[in-house]
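Residue-level structure breakdown
Chain by chain, the residues:
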Amino acid sequence: MNAISENLSIVRKRLHEAELLAGRPVGSVGLIAVGKTWPACALEEAYHHGQRDFGENYLQEALAKQDALKHLDIVWHFIGPIQSNKTRPLAERFDWIHGVDRLKIAQRLSEQRPGHLPPINLCIQVNVSHEFSKSGVALEDLKPLAETVSQLPRIKLRGLMAIPAPSDDFEQQRLAFRALREALEGLSIPSMDTLSMGMSDDMEAAILEGATLVRVGTAIFGERNQKSAVTET
Ligand SMILES: *Cc1c(COP(=O)(O)O)cnc(C)c1O
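Residues numbered from 1 in each chain as written. Predicted model: local features only at pLDDT ≥ 70, side-chain atom pairs only at ≥ 80, totals over all residues. Heavy atoms only, no water.

Some words on helix H6 (residues 139-150)
Put simply, the test is: Each helix is a run of DSSP H or I of at least 4 residues and each strand a run of E of at least 2, with the numbering of both proceeding from the N terminus. An expected span of 1.5 Å times one less than the residue number is assigned to each helix. Relative accessibility thresholds used throughout: buried, under 20% of the residue-type maximum; exposed, over 50%; partly exposed, between the two (1.4 Å probe, protein chains only). The directions from the helix axis to the C-beta atoms are what the arc is built from. The contact rule is simple, with two residues in contact once any of their heavy atoms fall within 4.5 Å.
Here H6 contains 12 residues, and its C-alpha end-to-end distance of 17 Å stays within 8% of the 16 Å for a straight helix at 1.5 Å per residue. Residues Leu142, Leu145, Ala146 and Val149 constitute the buried set of H6. The buried residues of H6 all sit within an arc of 105° when viewed along its axis, so they share a single face. If you follow the buried residues of H6, they end up packed against helix H5 (103-112), strand E5 (120-125), strand E6 (155-161) and helix H7 (170-185).

Written as structure tokens, this is what we have:
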């Protein structure tokens, strides 16, 4: 076995063990392989080992990989920061958008989603660690935003996403993810069934707190050279 297939098996095992520990049904947590900075051939390798959901952060890089991999049946997730003048290719070429924190972005995605495609799946990014990040809507502003976004015609509002401050402490990790779960529970919007939370170093804590999609890069593809990629640009 090569490194990527071996890493994928290890990540799947971690994911299933966390599901069991959490008392959650096997298969209740989806895995998004985050391929940012890695070439299309690395994603293709993962695909041939059964991976279908892929996450990308940088638009130009993502579009090039989509072109290179259009023969594959991939579910594309955009998980990076979104500029409001770059929403059209997102609306046209992705299945899921995770980092929406402004109404304007959601409105543009709704207007620009092509009619022959189903409504685009969207998660609202919530800021659960203010000292660490500027992106994400504040908890107190979430409810009105979610209610408005859920009414947009070409959007399927699926849930919430967060990138908490990294911590080595398991209980600290859980606290941030719990805040996101409680935020979802506080909204009663039937289409919202998704908690997009947990990465290579904290996926177990996220799964214990109810993650339904974890976004894992390093543990599958290896260490990136551009470490800063996790947060802003
Ligand atoms: C890079 C990134 C990930 C994956 O992080 P790893 O630590 O490499 O697993 C997940 N989510 C977002 C939003 C990212 O930018």
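Focus on the pairing of strand E4 (residues 96-100)
Applied cut-off: Strands are treated as partners if at least two bridges between them are detected by DSSP. With the strands aimed away from the viewer, a crossover counts as right-handed if its path from the first strand over the helix to the second runs clockwise.
The element E4 is largely enclosed, with a buried count of five among its five residues. In the sheet, strand E3 (residues 75-78) pairs with E4 via two bridges, with the strands oriented parallel. Residue His77 lies in a different strand from E4, and its bridge partner there is Trp96. On the question of chirality, the crossover connecting E3 to the parallel E4 by way of helix H4 (residues 87-93) is right-handed. Here E4 pairs with E5 via three bridges, running parallel.

Quick look at helix H1 (residues 3-21)
Here H1 spans 27 Å end to end across 19 residues, near enough to the 27 Å set by a 1.5 Å rise per residue. Within H1, the full set of buried residues consists of Ile4, Ser5, Leu8, Val11, Leu15, Ala18 and Glu19. Looking straight down H1, one finds its buried side chains confined to an arc of 145°; they lie on one side. Structural note: H1 exposes Ala3, Lys13, Leu20 and Leu21 on the side pointing more than 90 degrees away from its buried face.

Here we look at the site of the ligand
Under the convention used in this document: Think of it this way: one heavy atom of a residue within 4 Å of a molecule or strand is enough to make that residue near it. Between N or O atoms, a polar contact is any pair within 3.5 Å; within protein, one atom must be a potential hydrogen donor and the other a potential acceptor, and residues adjacent in sequence are included only when both atoms are from side chains. Note on areas: Shrake-Rupley with a 1.4 Å probe; residue coverage comes only from the protein chains shown. By the convention adopted, Pro, Cys, Tyr, Trp, Phe, Met, Ile, Leu, Val and Ala count as nonpolar, Lys, Arg, Asp and Glu as charged, and the other residues, Gly among them, as polar.
In the vicinity of the ligand, 15 residues are found, and the nearest of them are Lys36, Asn57, Ser200, Arg215 and Thr218. Ser200 places a polar side-chain atom, nitrogen or oxygen, 2.5 Å from an oxygen atom of the ligand. Within the contact set of the ligand, an oxygen atom lies 2.9 Å away from a backbone nitrogen or oxygen of Gly217. Relative to its unbound accessible surface of 390 Å², the ligand loses 98% to contact with the protein. Here the shell around the ligand is built from residues that sort into eight nonpolar, four polar and three charged.

Regarding the side chain of Arg154
The test is simple: Charged-residue counts in this description rest on Lys and Arg as positive and Asp and Glu as negative, His and the chain ends being excluded. We count a salt bridge whenever a side-chain nitrogen from Lys or Arg sits within 4 Å of a carboxyl oxygen from Asp or Glu.
As for its placement among the helices and strands, Arg154 is situated in the loop between H6 and E6. Among buried Asp, Glu, Lys and Arg side chains, Arg154 stands out as unpaired, with Glu92 the closest opposite charge at 11 Å. Here Leu117 takes part through its backbone oxygen, which lies 2.5 Å from a polar atom of the side chain of Arg154. Setting aside its immediate chain neighbours within four residues, Arg154 contacts Ser110, Arg113, Pro114, Gly115, Leu117, Pro118, Pro119 and Ile120.

Points about the packing of aromatic side chains
Note the cut-off: Classification of ring pairs uses Phe, Tyr and Trp, with its six-membered ring standing for Trp, and accepts pairs whose centres are within 6.5 Å; under 30 degrees between planes counts as stacked, over 60 as edge-to-face, and the remaining range as tilted. By the criterion adopted, a ring carries a charge over it if an Arg CZ or a Lys NZ lies within 6 Å of its centre and within 35 degrees of its normal.
Counted under the stated rule, the structure contains two aromatic pairs. It is Arg52 that lies over the ring of Tyr47; its NZ or CZ is 3.7 Å from the centre.

Points about the nonpolar core
Formally: Here the nonpolar core consists of buried residues drawn from Ala, Val, Leu, Ile, Met, Phe, Trp, Tyr and Cys, with membership extended through side-chain atoms lying within 4.5 Å.
By size, the foremost hydrophobic cluster in this structure holds 65 residues, and its most contacted members are Ile124 and Leu160. Apart from the residues within four sequence positions on either side, Leu160 is in contact with Cys123, Ile124, Val126, Leu142, Leu180, Ala183, Leu184, Leu187, Met192, Thr194, Leu195 and Ser196. With six residues, the next largest nonpolar core counts Ile32, Trp96, Cys123 and Met161 among its residues.

Here we look at the confidence of the model for the protein chain
Defined as follows: On a range of 0 to 100, pLDDT expresses the predictor's confidence in each residue.
Here the protein chain averages 95 in pLDDT, and 96% of its residues register 70 or above. Segment residues 228-233: pLDDT under 50, and 16 contacts once partners within four positions in sequence are set aside and those in other chains are kept.

Quick look at the pattern of salt bridges
Enumeration according to the criterion identifies 12 salt bridges in this entry. Measuring nitrogen to oxygen at the nearest pair gives 2.8 Å for the salt bridge that ties Arg14 to Glu204. Taken together, the positions of Arg14 in helix H1 and Glu204 in helix H8 (residues 203-208) put the pair 190 residues apart, joining distant regions of the chain. Given the relative accessible area of 22%, Arg14 is considered partly exposed. Glu204 gets classed as partly exposed once you look at its relative accessible area, which sits at 26%. Notably, a salt bridge pairs Arg158 with Asp193, separated by 3.0 Å at the nearest N-O pair.

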